[in-house]
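# Residue-level structural notes
Single-letter residue listing:
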Amino acid sequence: MEKFSSDIRTVSQRIQQLRHSISTEEATKTALIMPFFQTLGYDVFNPAEFTPEYIADVGIKKGEKVDYAIMEEGKPTILIEAKSIREPLTKHDS
């Protein structure tokens, strides 16, 4: 548990260091989101576990893609919609 806490602190520090140099959604995903989920133990380079551009069928996203889906036994357990670190989320809160 101590290593996990240390790894999360490292990710948090990384965000603080990089946030001013990140301006796009893709940069946010690559520099912040993927390292965060990797720290949580997900293999972000295995599409069977961390699927990019997943076609969702929930809420207002019916038939549309979300940025990532975390998969378990072939089924999505977590859907992730990413936005640029500079974009206010209030425009996307649905």
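Residues numbered from 1 in each chain as written. Predicted model: local features only at pLDDT ≥ 70, side-chain atom pairs only at ≥ 80, totals over all residues. Heavy atoms only, no water.

## Focus on the overall build of the chain
- Along the backbone of the chain there are two helices and three strands.
- By its C-alpha atoms, the chain is 35 × 30 × 20 Å across when sized along the principal axes.
- Within the span of the chain, comprising 94 residues, buried residues form 24% of the whole.
- Long-range contacts, defined as pairs at least 24 residues apart, comprise 35% of the intrachain contacts of the chain with a sequence gap of at least 6.
- On the chain, roughly 6600 Å² of surface is accessible, and the fraction owed to carbon and sulfur atoms is 54%.
- Treating the 12 positive side-chain charges of the chain as one cloud and the 15 negative ones as another, the clouds have centres 5 Å apart. (Helix = DSSP H or I, 4+ residues; strand = E, 2+ residues; numbered from the N terminus. Buried < 20%, exposed > 50% of the residue type's maximum accessible area, 1.4 Å probe, protein only. Contact = heavy atoms within 4.5 Å. Areas by Shrake-Rupley, 256 points an atom, 1.4 Å probe, with all protein chains shown as cover. Lys, Arg positive; Asp, Glu negative; His and termini not counted. Charge placed at Lys NZ, Arg CZ, Asp CG, Glu CD.)

## So, the packing of helix 1 (residues 2-18) against helix 2 (residues 25-39)
- Contact pair helix 1 / helix 2: the axes reach a minimum separation of 10 Å and the direction vectors enclose 180°. Looking at the two axes, helix 1 sits roughly antiparallel to helix 2. Taken together, the residues of helix 2 that come into contact with helix 1 (itself represented by Phe 4, Asp 7, Ile 8, Val 11, Arg 14, Ile 15 and Leu 18) are Ala 31, Leu 32, Pro 35, Phe 36 and Thr 39. (Axes fitted to C-alpha atoms, helices over the stretch in contact; angles between N-to-C directions. Parallel < 35°, antiparallel > 145°, perpendicular 65-115°, else oblique.)

## Considering the packing of aromatic side chains
- Under the counting rule described, the total for this entry stands at four aromatic pairs.
- Ring plane angle 80° and centroid distance 5.2 Å describe the contact between Phe 36 and Phe 37, whose orientation is recorded as edge-to-face.
- Here Phe 37 falls in the buried class, since its relative accessible area comes to 12%.
- Plain terms: the ring middles of Phe 37 and Tyr 42 are 6.1 Å apart, the flat faces sit at 55° to each other, and that makes the pair tilted.
- Under the relative-accessibility criterion, Tyr 42 is labelled partly exposed at 25%. (Phe/Tyr/Trp six-rings, centres within 6.5 Å; stacked < 30°, edge-to-face > 60°.)

## Structural notes on the sheet that holds strand 2 (residues 65-72)
- Sheet architecture is open: three strands sit in the order 1-2-3, paired in antiparallel fashion. This sheet does not close on itself; its edge strands, each paired only once, are strand 1 (50-55) and strand 3 (75-80). Averaged over all pairs of adjacent strands, the angle between strand axes in this sheet comes to 45°, irrespective of strand direction.
- The pairing of strand 2 with strand 3 spans five bridges and is antiparallel. Looking across to strand 3, one finds that Met 71 is bridged to Pro 76.
- Set on the sheet, helix 2 makes contact with strand 1, strand 2 and strand 3; between it and strand 2 the angle comes to about 15°. (Pairing = 2+ DSSP bridges.)

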